[in-house]
Amino acid sequence: MAILHIITAPDRRLKVKSKPVEAVDDAIRRVLDDMLETMYQAPGIGLSGVQVGVPKCLITVDVSRDDEEDAPLFLVNPEIVAYSEELETYNEGCLSLPDQFADLERPGEITVQYLDYHGAPQQLRADGLLSRCIQHEMDHLKGRLFVDHLSAVKRGMILRKLEKIRRQKVSA
Ligand code: NI
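Everything numeric in this text was worked out from a predicted model, so none of it was measured.

> Would you mind going over the packing of aromatic side chains with me for this structure?
Both the distance between ring centres and the angle between the ring planes are used here to describe each pair of aromatic rings. Counting across every chain of the model gives 1 aromatic pair. Here the aromatic rings of Phe74 and Tyr117 are separated by 4.8 Å at their centres, their planes lie at 45°, and the arrangement is tilted. Within this pair, whereas Phe74 is found in strand 3 (residues 73–83), its partner Tyr117 is found in the loop between strand 6 (110–115) and strand 7 (121–126), the two being separated by 43 residues in sequence. For Phe74, a relative accessible area of 14% gives the class buried.

Here it is as structure tokens:
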């Protein structure tokens, strides 16, 4: 397994729409393994392929708490087939937007269909943090970041801040 580089915003590669995976083979499983390791090391609770430069419909998630056993979830070609009408607000962050957070409203409960690590079709009903995390990661597959849900002013503020931090890092 390998730790992959996580692309941070602003970056055009994060706006790429991810392509569905044709077959969950060993090459795809290797990417999923690397993504999971990268996500744990970051540390984060969700990661999409596009964030590590692989614009394929791949997501890793683990919302278990520190005092619980790891509960990794691999979602290939995920599709949300049902949303609750009820909305919930969460303070969201993103590994591609380090140290930036914003309150965002999204449906509280979802039903998602996907292929698992072995290519078998699965259906999962999720609420709470898991639902939130999957919706956030699925946005990445469409080339969307959580800041794209915010007003242009707020989004611009966050992206300029990140750009500035990056410039300081390069010149340091
Ligand atoms: Ni993210």
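> What is the right way to look at the coordination of the nickel ion in this model?
When a metal holds four donors in a tetrahedron, each ideal angle between them is 109.5 degrees; when it holds six in an octahedron, the ideal angles are 90 or 180 degrees. Bound to the nickel ion are the protein donor atoms Cys94 (SG), His136 (NE2) and His140 (NE2), situated 2.1 to 2.2 Å from the metal. Sequence spacing among the residues donating to the nickel ion works out to C-x41-H-x3-H. Here the residue Cys94 occupies a position in strand 4 (residues 87–94), and His140 occupies one in helix 2 (residues 128–141), the gap between them amounting to 46 residues. Taking relative accessible area as the criterion, His140 reaches 1% and is therefore assigned buried.

> Would you take a moment to explain helix 2 for this structure?
Given 3.6 residues to a turn, an α-helix orients residues that are three or four positions apart in the same direction. With 14 residues, helix 2 should cover 20 Å at 1.5 Å per step; its first-to-last C-alpha distance of 21 Å lies within 8% of that length. Among the residues of helix 2, those classed as buried are Ser131, Arg132, Cys133, Ile134, Gln135, His136, Glu137, Met138, Asp139, His140 and Leu141. Phi turns positive one or two residues past the end of helix 2, at Gly143, with a value near 80°.

> Can you help me understand helix 1 (residues 26–41) in this one?
When the terminal C-alpha atoms of helix 1 are compared, their 22 Å separation across 16 residues agrees well with the 22 Å that a helix rising 1.5 Å per residue should span. Every buried residue of helix 1 is accounted for by Ile28, Arg29, Val31, Leu32, Asp34, Met35, Leu36, Thr38 and Met39. Taken together, the buried residues of helix 1 touch strand 1 (46–48), strand 2 (58–61) and strand 3.

> How do you make sense of the nonpolar core when you look at a structure like this?
Ile28, Leu32, Met35, Leu47, Leu58 and Val76 are the most contacted members of the largest nonpolar core, which has 15 residues in total. Residue assignment for this core shows that the elements contributing at least two residues are helix 1 and strand 3. Looking at which element gives the most residues to this core, the answer is helix 1, with 6 residues. With residues near it in sequence (within four places) discarded, Leu47 still touches Ile6, Met35, Thr38, Met39, Val52, Leu58, Ile59, Thr60, Leu95 and Glu137. The next biggest cluster of nonpolar side chains, apart from the first, holds 14 residues, and it includes Cys57, Val61, Ile110 and Ile134.

> Just to check I follow, could you spell out the sheet that holds strand 6 for this structure?
The strands that make up a sheet pair up through hydrogen bonds in the backbone, lying either parallel or antiparallel. Strands sit in the order 1-2-3-6-7 across an open sheet of 5 strands; the sheet is antiparallel. Each of the sheet's edge strands pairs with one partner strand only, and the pair in question is strand 1 and strand 7. Ignoring strand direction, the axes of neighbouring strands in this sheet form an average angle of 40°. Relative to the sheet, helix 1 contacts strand 1, strand 2 and strand 3, its axis offset from that of strand 2 by approximately 40°.

Reading the values: rules and limits
- Residues numbered from 1 in each chain as written.
- Predicted model: local features only at pLDDT ≥ 70, side-chain atom pairs only at ≥ 80, totals over all residues.
- Heavy atoms only, no water.
- Phe/Tyr/Trp six-rings, centres within 6.5 Å; stacked < 30°, edge-to-face > 60°.
- Helix = DSSP H or I, 4+ residues; strand = E, 2+ residues; numbered from the N terminus.
- Buried < 20%, exposed > 50% of the residue type's maximum accessible area, 1.4 Å probe, protein only.
- Donors = N, O, S within 2.8 Å, 3.2 Å for Na, K, Ca; no water.
- Expected span 1.5 Å × (residues − 1).
- Contact = heavy atoms within 4.5 Å.
- Core = buried A, V, L, I, M, F, W, Y, C linked by side-chain atoms within 4.5 Å.
- Pairing = 2+ DSSP bridges.
- Axes fitted to C-alpha atoms, helices over the stretch in contact; angles between N-to-C directions.

Everything listed here is a matter of coordinates, which is why it stays silent on function.
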